[in-house]
Amino acid sequence: MMKRRTLLVAALAACVGMAAPAFAGDTDTLAKIKETGEFRIGVASAEPWFYKDPMSEKWTGVGVAMGERLAKELGVKLVPVETTWANAVAGLQADQFDTMFVLDPTEERKKAIDFPDHPLFYYAMGALVGEDVSARTWDELNTPETRIGVTLGTSLDRNVTAMLPKAQINRFSTNDEAVAAFAAGRVDAVVQFHPALVVQYSRLKLGKVILPEPVNPVATSAGIRKEADGVFKTWMDEAFAKFYAEGVPTEIFNAYLESKGIDPKGIPGLMKEDW
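A. Structural view of the packing of helix 8 (residues 175-183) against helix 9 (residues 194-204). At a closest axis distance of 11 Å, the pairing of helix 8 and helix 9 adopts a crossing angle of 50°. As far as their axial angle goes, helix 9 and helix 8 are oblique. Taken as a pair, helix 8 and helix 9 cross one another with a handedness that is right-handed. Contacts between helix 8 and helix 9 pair Asn175, Asp176, Val179, Phe182 and Ala183 from the former with Gln200, Arg203 and Leu204 from the latter. When grouped by side-chain class, the residues that make up the contact of helix 8 with helix 9 number four nonpolar, two polar and two charged.

Put into structure tokens, the structure is as follows:
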């Protein structure tokens, strides 16, 4: 009796072990969204992508607006699920949400999750500089007298250090600290991706945002779970291609800027062809 029971437990364990990976890889996200009537997106505080109003606790931003467009296409309800950038990949794998927008498709992330083939949109390294600054290239900012503020440990930190070896690089813990240093006159320029800089500028009302040449566009995307059939990936990919061709990314970005009282005229959008 004991032997038969042991064999039965072992057989059940084997079945569970065999079934788990198949479920993880074969889950049809698109079918599940239609069945539940909910399109869950990961959200993490970072303007202009995601912003949670402290009073109403409502989420807005470019990523939220993109999710609303896709939810409308499916005829379902958008459900923001709060997470962090560091936990985005794990959250997707754990099926806490169906996708997270503005997640760059790095090689490391591609090992764990999937991404549509078409980009969501593009952004570029920009600089917040004084109104009287005439520099239009990175070379013009690469002088011993120029004090550059960047956020410590970011890709921008690495890029600026390599691109501007002659400049004085000042590193700060957060984007806000770097901008505060600019406002206090402790740095001459702050380098961040240009959409974030525009929002920072809207709060500061000081200086101007430029895209120094050469302008190198960086493609961003949306993370999704790896699935065997690829149905959801194909649907997302086709939607991204359609939205980009119709100018939706810049339309959404401009609408968000206007909601913050910022005139989008003259501000680089999220489509590299318009820069």
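B. The environment of Phe101, seen in detail. With respect to the secondary-structure elements, Phe101 resides in strand 5 (residues 100-103). Residues Phe101 and Trp49, spaced 52 residues apart in sequence, show a C-alpha to C-alpha distance of 8.2 Å.

C. Region of interest: helix 3 (residues 62-74). Its 13 residues place the ends of helix 3 19 Å apart at the C-alpha level, agreeing with the 18 Å of an ideal helix rising 1.5 Å per residue. Taken as a whole, helix 3 has its buried residues at Val62, Gly63, Val64, Met66, Gly67, Leu70, Ala71 and Leu74.

D. Molecular detail of the sheet that holds strand 12 (residues 218-223). Pairing is antiparallel in the open sheet, where three strands are placed in the order 5-12-6. Either end of the sheet is taken by a strand with one partner, and the two such strands are strand 5 and strand 6 (121-123). For this sheet, the mean inter-axis angle between neighbouring strands, taken without regard to orientation, is 35°. Looking at chain direction, strand 6 and strand 12 are connected through three bridges and run antiparallel. Across the sheet, residue Tyr123 finds its bridge partner in strand 12, namely Val218.

About the thresholds
- Residues numbered from 1 in each chain as written.
- Predicted model: local features only at pLDDT ≥ 70, side-chain atom pairs only at ≥ 80, totals over all residues.
- Heavy atoms only, no water.
- Axes fitted to C-alpha atoms, helices over the stretch in contact; angles between N-to-C directions.
- Helix = DSSP H or I, 4+ residues; strand = E, 2+ residues; numbered from the N terminus.
- Parallel < 35°, antiparallel > 145°, perpendicular 65-115°, else oblique.
- Left-handed = near helix turned anticlockwise from the far one by under 90°.
- Contact = heavy atoms within 4.5 Å.
- Nonpolar A, V, L, I, M, F, W, Y, C, P; charged D, E, K, R; others polar.
- Expected span 1.5 Å × (residues − 1).
- Buried < 20%, exposed > 50% of the residue type's maximum accessible area, 1.4 Å probe, protein only.
- Pairing = 2+ DSSP bridges.

Purely geometric numbers; function is a separate question.
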